[in-house]
Amino acid sequence: MPIHVKSEIGTLKRVMLHRPGQELEHLVPGELERLLFDDIPYLRAARQEHDVFAGILREQGVEVVYLEDLMAGTLKGRPQLRERFIHQFIEEGGNIAQKFKDQLFRLLDGIPDERELVQKTMAGVRMNELKAGGHSPLADRVRPDSRFILDPIPNLYFTRDPFASIGCGVSLNYMYSRTRRRETIYGSYILEEHPDFAGSTPFYYRRDYPFSIEGGDILNLSRRVLAVGISQRTTPEAIELLAQNIFGDDTAEIETILAFDIPSIRAYMHLDTVMTQIDYDKFTVHPGILGSLRVYEICRGDHRDTLNVTELDSSLPVILGTHLGLDQVTMIRCGGKDRVASEREQWNDGSNTLCIAPGKVVVYDRNYITNGILRENGVEVLEMPSSELSRGRGGPRCMSMPLWREDV
């Protein structure tokens, strides 16, 4: 089944998740900032919460597939591909991994089960796991032998970011932070080599492009309109490249890209942390962005590879309504009119909803004020526990990569 995602609200039929793994237990206080965490989630509880999330989706008729299973299935029975994957993973693991590349290769290649191998690359490798000793005489004396020579990848459970489904194609992203860039290795192998996707998936962005872009900034508003955030993690140059590649594909239906310029701060790291679509004519929004938001319309230029860009001066509801062909759009404020509740619940991803059918969303239970307002507006709200998962600063949309939605 190839990729087919032409809206944010079409009934979700297939989705990719990653169940949190050992990589979360390899977070330590001194490395939190570098690894993009504010706290250390308790893995056992995080897994329980994530299993509830997957269970809600299955109960709603969604096929749930896991990143680790797709990657293992891609490698299974293909020794040359497996070897190439290990070498690439080590090569992109940094200078220290390169120094011990032979020992790392032997360690990883010695894991016979493909799923265990994939999970080990996610969890990271410590110096004391290598069999040979005396690798680095000075470093061995001044640094603990438990130090990581291949970093863990704790952000993996936010599967939305490494690539984005756009119509029947994908943006395989160049991630903002070095910490997350290896995440897209899995996506490249799955999309290029797995039988579900190989040969049938157009690429609108590549991980070796020079400008950062992440999936949390990409929203499929309709089959003809794409929204992309200019954010802390997505640059305007990346959006230009994305637009040129989409408009250059004769099979793509997208005619307009709306670029939303949001404040470049961690609290608003992606467009979907401040705005998501939840029904044909309803959006959640963090009111804090409304006064500073600038929106640009990008269309094909008069010549190939050129773009026409126009800044729009209408209000956000008018812009969305115009491009969706609607007379009116309702913007549901995260936290309502209470500034404190709004800021608190936005920090805990109250605006980051996963729409699984028109007017039906999965949300974190902790954002009870926003959830109540959604219900008052006729939205069916499916709540999931979130004490540990929310510590990673991402909600249900962040944790899910739709692979197939029904058309609306």
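Residues numbered from 1 in each chain as written. Predicted model: local features only at pLDDT ≥ 70, side-chain atom pairs only at ≥ 80, totals over all residues. Heavy atoms only, no water.

Asker: For this particular structure, what's the right way to read the overall build of the protein?
Answerer: The secondary structure content of the protein amounts to 12 helices and 19 strands. Taken along its principal axes, the extent of the C-alpha atoms in the protein is 70 × 50 × 40 Å. Across the 408 residues in the protein, those meeting the buried criterion constitute 58%. Residue pairs in contact within the protein that sit at least 24 positions apart in sequence constitute 70% of those at least 6 positions apart. (Helix = DSSP H or I, 4+ residues; strand = E, 2+ residues; numbered from the N terminus. Buried < 20%, exposed > 50% of the residue type's maximum accessible area, 1.4 Å probe, protein only. Contact = heavy atoms within 4.5 Å.)

Asker: Before we go on, may I ask you to explain the packing of aromatic side chains in this structure?
Answerer: Given two aromatic rings, their pairing is described by the distance between the two centres and the angle made by the two planes. Going through the model one piece at a time under the given rule, you end up with 6 aromatic pairs. When the ring of phenylalanine 85 is compared with that of phenylalanine 89, the centres are 5.6 Å apart and the planes differ by 55°; the resulting orientation is tilted. Taken as a pair, phenylalanine 85 and phenylalanine 89 lie in helix H3 (residues 79–91) at a separation of 4 residues, close to a single helical turn. In this pair, the class of phenylalanine 85 matches that of phenylalanine 89, namely buried. Where phenylalanine 85 meets tyrosine 189, the ring centres are 5.5 Å apart and the plane angle is 80°; that geometry is what we call edge-to-face. With a gap of 104 residues between them, phenylalanine 85 in helix H3 and tyrosine 189 in helix H8 (residues 183–193) connect regions that are remote in the sequence. In this structure, phenylalanine 85 and tyrosine 189 share a single accessibility class: buried. Connected via pairs of aromatic rings, a cluster forms that spans Phe85, Phe89, Tyr186 and Tyr189. Looking at arginine 206, its charged tip hangs above the ring of phenylalanine 203, at a distance of 3.9 Å from the centre. (Phe/Tyr/Trp six-rings, centres within 6.5 Å; stacked < 30°, edge-to-face > 60°. Lys NZ or Arg CZ within 6 Å of the ring centre and 35° of its normal.)

Asker: I'm lost on the packing of H3 against helix H5 (residues 101–109) in this one. Help?
Answerer: Relative orientation and spacing of two packed helices are given, respectively, by the angle between their axes and the distance between those axes. H5 packs onto H3 with a crossing angle of 135° between their chain directions and a minimal axis gap of 10 Å. One element, H3, and the other, H5, form an angle in the oblique class. Like other packed secondary-structure pairs, H3 and H5 cross with a definite hand, here right-handed. Between H3 and H5, the contacting residues are Arg82, Glu83, Ile86, His87 and Ile90 on the first element and Lys101, Leu104, Phe105, Leu108 and Asp109 on the second. (Axes fitted to C-alpha atoms, helices over the stretch in contact; angles between N-to-C directions. Parallel < 35°, antiparallel > 145°, perpendicular 65-115°, else oblique. Left-handed = near helix turned anticlockwise from the far one by under 90°.)

Asker: What should I look at first to understand the domain arrangement of the protein in this one?
Answerer: Interface size is commonly expressed as the accessible surface area that is lost when the partners come together. Once the domains are mapped, the protein shows domain 1 (10–66 + 152–403) and domain 2 (67–148). Here the C-alpha centroids of domain 1 and domain 2 sit 30 Å apart. Contacts between the two partners involve 20 residues from domain 1, matched on the other side by 21 residues from domain 2. Between domain 1 and domain 2 the total buried area reaches about 2,200 Å² when both faces are included, carbon and sulfur atoms providing 64% of it. It is Tyr66, Tyr186 and Tyr189 that lose the most area in domain 1 upon contact with domain 2, and together they represent 33% of the buried surface on that side. (Domains from an automatic or database assignment. Buried area = accessible area lost by both parts, 1.4 Å probe.)

Asker: Would you take a moment to explain the UniProt feature "active site" (unreviewed entry) in the protein for this structure?
Answerer: The positions that UniProt labels "active site" (unreviewed entry) are, in the present scheme, Cys398. Residue position: cysteine 398 is located in the loop between strand E18 (380–384) and strand E19 (401–405). Leave out the neighbours within four places in its chain, and cysteine 398 touches Tyr157, Phe158, Thr159, Arg160, Asp272 and Asn352. (UniProt positions renumbered as here; feature names shortened; annotations may be inferred.)

Asker: Would you take a moment to explain the sheet that holds strand E2 (residues 63–66) for this structure?
Answerer: Sheet strands associate in pairs through backbone hydrogen bonding, adopting either a parallel or an antiparallel arrangement. Read across the sheet, 3 strands follow the order E2-E1-E19 without closing on themselves; strand pairing throughout is mixed. This sheet does not close on itself; its edge strands, each paired only once, are E2 and E19. Neighbour-to-neighbour, the strand axes of the sheet open up by a mean angle of 20°, direction not taken into account. Examined bridge by bridge, strand E1 (residues 12–17) and E2 share 4 bridges and lie parallel to one another. For arginine 14, the partnering residue across the bridge sits in E2 and is glutamate 63. The strands touched by helix H1 (residues 43–59) within the sheet are E1 and E2, with E2 carrying the most contacts at an inclination of about 145°. Sitting on the sheet, helix H2 (residues 67–75) is in contact with E1 and E2, with an inclination near 65° to E2. (Pairing = 2+ DSSP bridges.)

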